[in-house]
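Each chain is listed here by its residues.
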Amino acid sequence: MASTNSTHSKRLERKPRVFVTRHLMPSVEDRMVDLFDVVLNADDNPLTRDDLTAAMRDCDVLVPTVTDRIDTDMIAAAGKDLGLIANFGAGTEHIDLEAAAERHILVTNTPGVFTDDTADLAMAGIIGVPRRIREGVELIRSGEWSGWTPTALLGAKLAGKVLGIVGMGRIGQAVAHRARAFGLEIAYHNRKRLPEAVERMFSARWVDSLDGLMSEADILTLHCPAGPDTHHMIDAQRIGLMKDGASLINTARGDLVDQEALIAALEAGKLAGAGLDVYPDEPHVDARLIRHPNVMTLPHIGSATLEGREESGMKVIANIRMWADGHRPPDQVLTGLA
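Let us look at the structure shown here. Computed from a predicted structure; not experimentally measured.

## Here we look at the environment of E93
Here is step 1 of the chain: Structurally, E93 is set in the loop between β4 (84-86) and α5 (97-102).
Here is step 2 of the chain: On the accessibility criterion, E93 (32% relative accessible area) is partly exposed.
Here is step 3 of the chain: Along the chain, E93 and V66 lie 27 residues apart, while their C-alpha atoms are 8.1 Å from each other.
Here is step 4 of the chain: If sequence neighbours within four positions are ignored, E93 has contacts with V66, R69, A226 and R253.
Here is step 5 of the chain: Here R253 takes part through its side chain, which lies 2.2 Å from a polar atom of the side chain of E93.

## Considering the pairing of strand β1 (residues 17-20)
Here is step 1 of the chain: Note that β1 and strand β2 (residues 37-39) share three bridges and pair parallel. Pairing of R17 across the sheet is with D37, part of β2.
Here is step 2 of the chain: Taken together, β1, helix α2 (residues 26-35) and β2 form a β-α-β motif whose crossover is right-handed.
Here is step 3 of the chain: In terms of strand pairing, β1 meets strand β3 (residues 61-63) through three bridges, oriented parallel. Pairing of V18 across the sheet is with V61, part of β3.

## Remarks on the nonpolar core
Here is step 1 of the chain: Membership of the largest hydrophobic core comes to 31 residues, with the highest contact counts inside it found for V166, L220, L222, I234, L262, L271 and L289.
Here is step 2 of the chain: Elements represented by at least two residues in this core include exactly β6 (162-166), α10 (210-216), β9 (219-222), β10 (246-250), α12 (259-267) and β11 (271-276).
Here is step 3 of the chain: The dominant element in this core, judged by the number of residues it contributes, is α12, at five residues.

## Some words on the environment of E199
Here is step 1 of the chain: Its place among the elements puts E199 in helix α9 (residues 196-202).
Here is step 2 of the chain: With a relative accessible area of 7%, E199 lands in the buried category.
Here is step 3 of the chain: In contact with E199, not counting residues within four places along its chain, are Y188, R193, L194, A204 and W206.
Here is step 4 of the chain: Only 2.9 Å separates the side chain of E199 from the side chain of R193, close enough to count as a polar contact.

## Some remarks on α12
Here is step 1 of the chain: When we look at burial in α12, the residues that qualify are Q259, A261, L262, I263, A265 and L266.
Here is step 2 of the chain: Buried residues along α12 sit against α11 (236-241), β10, β11, α13 (287-291) and β12 (295-297).
Here is step 3 of the chain: Where α12 begins, the capping side chain belongs to D258, and its oxygen is found 3.2 Å from the backbone nitrogen of E260.
Here is step 4 of the chain: Downstream of α12 by a residue or two, G269 has a phi angle that is positive, lying close to 85°.

Rules used throughout
- Residues numbered from 1 in each chain as written.
- Predicted model: local features only at pLDDT ≥ 70, side-chain atom pairs only at ≥ 80, totals over all residues.
- Heavy atoms only, no water.
- Helix = DSSP H or I, 4+ residues; strand = E, 2+ residues; numbered from the N terminus.
- Buried < 20%, exposed > 50% of the residue type's maximum accessible area, 1.4 Å probe, protein only.
- Contact = heavy atoms within 4.5 Å.
- Polar contact = N/O pair within 3.5 Å; in protein donor to acceptor, adjacent residues only side chain to side chain.
- Pairing = 2+ DSSP bridges.
- Right-handed = clockwise from strand over helix to strand, strands pointing away.
- Core = buried A, V, L, I, M, F, W, Y, C linked by side-chain atoms within 4.5 Å.

Just distances and angles here, no functional claims.
Next up, the structure:
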């Protein structure tokens, strides 16, 4: 567990100086203006590394998002008053947590807020790719549709197919709950097997190896965090284990998948299609993915609901207020440092 010192437990006798890196929901920003001495990013342009470093020298609290990389050198250069990085979003792989802990800077996130939103979007891919939705939309828009025929745009029926879920945490379980209604058979791989009662609740069965899951899934959906252990976990060798005509859905993190291997499998017809909301070099999306007729390319909108974004912002505010009052924030992210 990360240690805390007197800086964390001492109540601030003034409004905390808060720097917010991106434009948030108006209700969230209005509340921040009421409560804090806040600097907002009204034009919503992504900040450069130098901009972020400068902000960290002159604030008590930094509120970054997943697109803001906060590395060791930036944390080392932070001002003495920076005591909290209150991240907007659940993922924290863009923040060097160990470096923050060494500087006695707390890190918080907003877990659980986007579970249903992301699961809903994953289901859009799980349904849309086998049923060739993108191709149908583009056919209509092209003006070349000649009418219904018995053999046009034949996709794959969902009922009875195996949905392989990689990562059976909150989002993976929410996807399993939804997928049951479509008659999909749920198989999953996780670092640890879920309790039997949870498996029964989702009619899910555990596959003890990722390779084993890859080989039996008709549709594979990814719901695990990014990190050294998961970087390119879906590579050419593992894609080669998949059934011919299978589909891959990724609403988690772009670098889970070796993009070149994915593109090669799509172009060779090994995979029928893919549903992608994340990419390894955002906002760049490889033109070969965009051109492929059965790849649903979405602009990282898994969490993009009015309700979710507002709730996440309010969680950020709650974490800042608890910290400023000298208490441990409810969503503190812990590290292995003592």
